[in-house]
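# Structural characterization, general
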Amino acid sequence: QVRLVESGGGLVQAGGSLTLSCAASGSSFRLIAMGWFRQAPGKQREMVATITPGGTTNYIDSVKGRFTISRDNAKNTVYLQMNSLKPEDTAVYYCNEDRWDYRQFDYWGQGTQVTVSS
């Protein structure tokens, strides 16, 4: 089973930056579309950004121009560069496979907390 380990979160002031990393196990990583997701207290988990095996990216409107997703298939790692952070970006961030039914996934890593102060 693929295991996912997220890291890089922290506490930053509004306008600051963070880079999240997600290390994945398994030999099929390079063939899988991946995504970053987040869940704020009291809210549903949402998909934030996705990247195909070939590097095509997609973002939700609220992070376009501020976040950048990338991947290093040789390292089995996906990244999320987050700039111009806003308090509403505060959430636990997770990575996982990019699939439409992600809310039904049984497995999630521990996530990494991002807190943006105003």
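Overview of the structure.

Parameters at a glance
- Throughout, residues of each chain are indexed from 1 in the direction in which the sequence is written.
- Local features are withheld for residues below a pLDDT of 70 in this predicted model, meaning they are given only at 70 or higher, and side-chain atom pairs are given and counted only at 80 or more; totals for whole chains, interfaces and linings count all residues.
- In computing side-chain values, all of the structure's heavy atoms are included and hydrogens and water are not.
- Runs of E in the DSSP output that reach at least two residues are strands. Runs of H or I that reach at least four are helices, and both are numbered from the N terminus.
- Accessibility here uses a 1.4 Å probe with only protein chains present; expressed as a share of the type maximum, an area under 20% marks a residue as buried, one over 50% as exposed, and anything in between as partly exposed.
- Counted as a polar contact is a pair of N or O atoms within 3.5 Å, where, for protein atoms, one must be capable of donating a hydrogen and the other of accepting one, and residues adjacent in sequence contribute only when both atoms are in side chains.
- In this description, contact between two residues means that some pair of their heavy atoms is separated by no more than 4.5 Å.
- Any carboxyl oxygen of Asp or Glu within 4 Å of a side-chain nitrogen of Lys or Arg constitutes a salt bridge here.
- Should DSSP find at least two bridges between two strands, the strands are regarded as paired.
- The angle between two axes is taken between their N-to-C directions and runs from 0 to 180 degrees, where each axis is a line fitted to C-alpha atoms and a helix contributes only its stretch in contact.
- The disulfide criterion used throughout: a pair of cysteine sulfur atoms within 2.5 Å.

### Focus on the side chain of Thr112
- By the secondary structure assignment, Thr112 is in strand β10 (residues 112–117).
- For Thr112, a relative accessible area of 8% translates into the label buried.
- Engagement of the side chain of Thr112 in a polar contact is seen with the backbone nitrogen of Gly9, the distance being 2.9 Å.
- Ignoring sequence-local partners within four residues, the contact set of Thr112 consists of Glu6, Ser7, Gly8, Gly9, Leu20, Ala91, Val92 and Tyr93.

### Concerning the pattern of salt bridges
- Throughout the structure, instances matching the rule amount to six salt bridges.
- With its nearest N and O atoms 2.7 Å apart, the salt bridge here joins Arg38 to Glu46.
- Here Arg38 falls in the buried class, since its relative accessible area comes to 7%.
- For Arg99, the salt bridge goes to Asp101, with nearest N and O atoms at 2.9 Å.
- Judged by its relative accessible area of 15%, Asp101 is buried.
- A single salt-bridge network, built from bridges that share partners, covers Arg38, Glu46, Arg66 and Asp89.

### Focus on unusual backbone geometry
- Its identity is not glycine, yet Asn76 carries a phi of approximately 55°, on the positive side.
- With respect to the helices and strands, Asn76 occurs in the loop between β7 (67–72) and β8 (77–82).
- Positioned with a positive phi, Ser84 is a non-glycine residue whose angle comes to about 50°.
- You can see Ser84 is positioned in the loop between β8 and β9 (91–97).
- On the accessibility criterion, Ser84 (41% relative accessible area) is partly exposed.

### Description of the sheet that holds β8
- Taken in spatial order, the four strands line up as β1-β3-β8-β7 in an open sheet, and their pairing is antiparallel. Strands with a single pairing partner mark the edges of an open sheet, and in this sheet they are β1 (4–7) and β7. Taking each pair of neighbouring strands and ignoring which way they run, the sheet shows an average axis angle of 15°.

### Brief notes about the state of the cysteines
- Scanning the entire structure with this criterion turns up one disulfide.
- Bridging Cys22 to Cys95, the disulfide has an S-S length of 1.7 Å. Judged by the sign of its S-S torsion, about 45°, the cystine formed by Cys22 and Cys95 is right-handed. Note that Cys22 is positioned in strand β3 (residues 18–24) and Cys95 in strand β9, a separation of 73 residues in sequence. You'll find Cys22 and Cys95 in the same group, each marked buried.

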